[in-house]
Amino acid sequence: MAKLKILKVGDSTLRKVCRPVDAITPRILRLLDDMVDTMRAADGVGLAAPQVGVLRRVVVIETPDEGLFELINPKIIAFSGEQESEEGCLSVPGRWGVTKRPMHVTVRALNRKGETVDITGSGLLAKAFCHEIDHLDGKLYIDIAKMIDN
Ligand code: ZN
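The numbers attached to residues start from 1 for each chain and follow its sequence in the written order. Two thresholds apply to this predicted model, a pLDDT of at least 70 for residue-level local features and 80 or more for giving and counting side-chain atom pairs, whereas whole-chain, interface and lining totals are computed over all residues. Computation of side-chain values: all heavy atoms of the structure, hydrogens and water removed.

Caption draft 1: Structural detail: the overall build of the protein chain. In terms of regular secondary structure, the protein chain is built from two helices and eight strands. To qualify as a helix, a DSSP run of H or I must reach at least 4 residues; to qualify as a strand, a run of E must reach at least 2; elements of each kind are numbered from the N terminus. For the protein chain, the α and β elements follow one another from N to C terminus as α-β-β-β-β-β-β-β-α-β. Only the C-alpha atoms count toward the radius of gyration. The rule for a globule is 2.2 Å times the residue count to the power 0.38. Computed over C-alpha atoms, the radius of gyration of the protein chain comes to 14 Å, within 12% of the 15 Å expected from 2.2 N^0.38 for 150 residues, which places it in the range of a compact globule. Reported as C-alpha extents along the three principal axes, the dimensions of the protein chain are approximately 40 × 30 × 25 Å. For the exposure calls, accessible area comes from a 1.4 Å probe over protein chains only, and a residue counts as buried if that area is under 20% of its type's maximum, exposed if over 50%, partly exposed in between. When the 150 residues of the protein chain are sorted by exposure, 45% land in the buried category. Two residues qualify as a contact provided that any one of their heavy atoms is within 4.5 Å of a heavy atom in the partner residue. Of the contacts formed within the protein chain by residues at least 6 apart in sequence, a portion of 65% connects residues at least 24 apart. Looking at the protein chain as shown, the accessible area adds up to about 7800 Å², and 51% of this sits on carbon and sulfur atoms. When charges are counted, Lys and Arg are positive and Asp and Glu negative, with His and the chain ends excluded. Every charge is mapped onto a representative atom, which is NZ of Lys, CZ of Arg, CG of Asp or CD of Glu. The average position of the 21 basic charges and that of the 21 acidic charges among the side chains of the protein chain differ by 6 Å. All accessible areas in this document rest on Shrake-Rupley with a 1.4 Å probe, and a residue is counted as covered only by the protein chains that are shown.

Caption draft 2: Structural detail: helix α2 (residues 124–136). For a helix, the expected span equals 1.5 Å multiplied by the number of residues minus one. Helix length check: α2, at 13 residues, gives a terminal C-alpha distance of 19 Å against a target of 18 Å (1.5 Å per residue), a fit within 8%. Taken as a whole, α2 has its buried residues at L125, A126, K127, A128, F129, C130, H131, E132, I133, D134, H135 and L136. Of the residues trailing α2, G138 is marked for its positive phi of about 75 degrees.

Caption draft 3: Local environment of the sheet that holds strand β8 (residues 146–148). Being paired, for any two strands, means DSSP has found at least two bridges between them. Strand order in the open sheet formed by three strands is β4-β5-β8, and the pairing between neighbours is antiparallel. Two strands in the sheet have a free side with no partner beyond their single neighbour: β4 (83–89) and β8. The average angle at which neighbouring strand axes cross in this sheet is 30 degrees, direction not considered. Packing of α2 onto the sheet brings it into contact with β4 and β5 (92–101), and relative to β4 it is tilted by some 50 degrees. Angles shown run from 0 to 180 degrees and are taken between the N-to-C directions of axes, each axis being a line fitted to C-alpha atoms and, for helices, limited to the stretch in contact.

Next up, the structure:
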């Protein structure tokens, strides 16, 4: 396990569309482990593979209430409601912005065993699903946020 370098806004890798994972190889499992280490070391709620320079559809999320999610090829399959709240990103250090996101989001993904799982999250978890899946399509929250000047 290792801590990886997190790319910062301005790096063109963050603007690329990631390719799906077609086989869960030892390399993908190692990527998940390293992403979890990196996210925890940076005190983040989520991390997407392109943030560590890997253009694959892989995301990790950890919230205090719901625990750890390791998602491969995640897709939003349902959403409802709306929340307006502060958001930040490990690739945009020291800045915050207010975004509008759905309040409830259901994601379908593969877990590390290759099983298809559907997970419904609300509030922070719903926001994290949207934020991290956006990364896989080269989108950053600063594209849609009202930034807070400090
Ligand atoms: Zn981010």
